[in-house]
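Here's the letter readout for the chains.
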Amino acid sequence: MEYGKLNIRVLSDNDNRPIPGATVRVVSQNEPERVLEESVTDNSGQLNDIELEAPPLEYSMEPGGNKPYSEYTIFISAPGFETVEVSGAEIMSGETAIQNASLLPVSESEPDSAELFVIPDHTLWGDYPPKIPESEIKTVEETGEIVLSRVVIPEYVVVHNGPPSDRNAKNYYVKYRDYIKNVASSEIYSTWPTSTIQANVLAIQSFTLNRVYTEWYRNKGYEFTITTSTAYDHKWIPNRNVFDSISQVVDEIFSNFLSRPNVEQPILTQYCDGKNVSCPNWMSVFCRV
C-alpha cells in the first residue's frame, strides 16, 4: 500500500485568524465509522503530515480503469465556531494535500449549525461536459466593450459556480493564485512531472487571463469573471484541497501566460483530457504527461 500526506490549516472566517486547538477528525469514505486521525491544530491553526493510504502511483500516469486517488471525509470543529465537514478530500501517492478551512462563528439563532462541502469527482475521473470551442484570440471592438489596455494579473477573480445562464448560482471572490491552484488540482494530477504541471498551469493561466483581459462575461451583462462549468471554462470547486506540488509551481509562474507574436491578449488556451474527449486541434492533458 502507498501513502500520501494531508496538511490542514484552520482559520476564522471573520478575520483569517488561525484557530489553535481545533479538533480534526479524518475518516475513510469507504469506512465512515473508522476514525483514521483525531488531533488538534497547533498555535498556528495547523495540523501537518497526516499519513493516509493512497492508490499506486502508476494509476495517475495514464488513462485507465483505476481511480488514482483515495477519498476521505474531514470534520473540523472548534469552540465558538460552526463545524465544517469536507467530504471527498483527495489523497494521491507520495503527494501532500493541503486543506484550508475557514470556520464561521456560531450564530445565536443556530447554535448547532454546520457547513458541508461535498467535493465531486476529479475532472480526469468523473463525467463532465466537454469544452464548447471558441476562438483563442478574441476580436475586440472599439466601441461597446470594456477591455483592459494591458494584461493585468488580478488580485481576485469572481467565480460563478455554475453555467453562465444560471442566475441562482453563487458568485465567489477568490484570490487569483488560489483560483489557479484549485483549478489545476481539479483538472490535472499532482503526481505528474514538474514540467508537465508547469505546462498545464500555463494553459490554465492563459485561459483565465484572456477572460480577465477581454472582460468576456461582464461585456455580456454578467457580474463575474469566469464560471465553473467545463463547457465554458475550467472546473473550480469550493473548499477542495489543493496539492503542494501544484501550489509551488503556481507560486513560481503565476504571472506568466501564453500569447501570439504581435498579439497582446493572452491566448484562450483550450484543451481536453485526451481520454474521454478527443480534440485533435487542441492540447490534450494526458498527452502532456
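Just above sits the structure.
Residues numbered from 1 in each chain as written. Predicted model: local features only at pLDDT ≥ 70, side-chain atom pairs only at ≥ 80, totals over all residues. Heavy atoms only, no water.

**Some words on helix H3 (residues 244–253)**
Note the following rule: Exposed residues in this analysis have more than 50% of their type's maximum accessible area, buried residues have under 20%, and partly exposed residues fall in between, with area computed by a 1.4 Å probe over protein chains only. Numbering of helices and strands starts at the N terminus; helices are DSSP runs of H or I of at least 4 residues and strands are runs of E of at least 2. Comment: arc refers to directions from the helix axis out to C-beta atoms. Every residue pair with non-hydrogen atoms within 4.5 Å of one another is taken to be in contact.
Within the span of H3, buried status applies to Ile 246, Ser 247, Val 249, Val 250 and Ile 253. The arc enclosing the buried residues of H3, seen along the axis, measures out at 165°, which places them on a common side. Residues of H3 that are buried make contact with helix H1 (176–187), helix H2 (194–214) and strand E12 (242–243).

**A look at the side chain of Lys 181**
Note the threshold: Here a polar contact means two N or O atoms within 3.5 Å. Within protein one must be a hydrogen donor candidate and the other an acceptor candidate, and residues neighboring in sequence count only if both atoms are side-chain atoms.
Position of Lys 181 among the secondary structure elements: in helix H1. Looking at Lys 181, its side chain comes within polar contact range of the side chain of Asp 251, at 3.0 Å.

**Topic: the pattern of salt bridges**
Which entries qualify depends on this criterion: Any carboxyl oxygen of Asp or Glu within 4 Å of a side-chain nitrogen of Lys or Arg constitutes a salt bridge here.
Taken as a whole, this structure holds 13 salt bridges when the rule is applied. Salt-bridge contacts for Glu 134 lead to Lys 138; the nearest nitrogen and oxygen are separated by 2.5 Å. Here Glu 223 and Arg 218 are joined by a salt bridge, their closest N and O atoms 3.7 Å apart. Arg 218 sits in the partly exposed class, given a relative accessible area of 33%. Counted as one network, the salt bridges with shared partners bring together Lys 131, Glu 134, Lys 138, Arg 211 and Asp 233.

**Quick notes on the packing of H1 against H2**
Rules: Only the stretch in contact is used when a helix axis is fitted, and all axes are lines through C-alpha atoms; the angle between N-to-C directions ranges over 0 to 180 degrees. Any angle that is under 35 degrees is reported as roughly parallel, and any over 145 degrees as roughly antiparallel; angles of 65 to 115 degrees are reported as roughly perpendicular and all others as oblique. By convention the crossing between two helices is left-handed if the near helix lies anticlockwise of the far one by an angle smaller than a right angle, and right-handed if it lies clockwise. Polarity classes work like this: nonpolar for Ala, Val, Leu, Ile, Met, Phe, Trp, Tyr, Cys and Pro, charged for Asp, Glu, Lys and Arg, and polar for all others, with Gly in that last group.
It is the contact of H1 with H2, at a shortest axis distance of 10 Å, that shows an interaxial angle of 130°. Considered as vectors, H1 and H2 are oriented oblique to each other. In this structure, the crossing between H1 and H2 has a hand that is right-handed. Seen from H1, the contacting residues are Tyr 176, Tyr 179, Ile 180, Val 183 and Ala 184; seen from H2, they are Val 201, Ile 204, Gln 205, Thr 208 and Leu 209. Considered class by class, the residues forming the contact of H1 with H2 number eight nonpolar, two polar and no charged.

In short, the description is geometric, and any link to function would need to be established separately.
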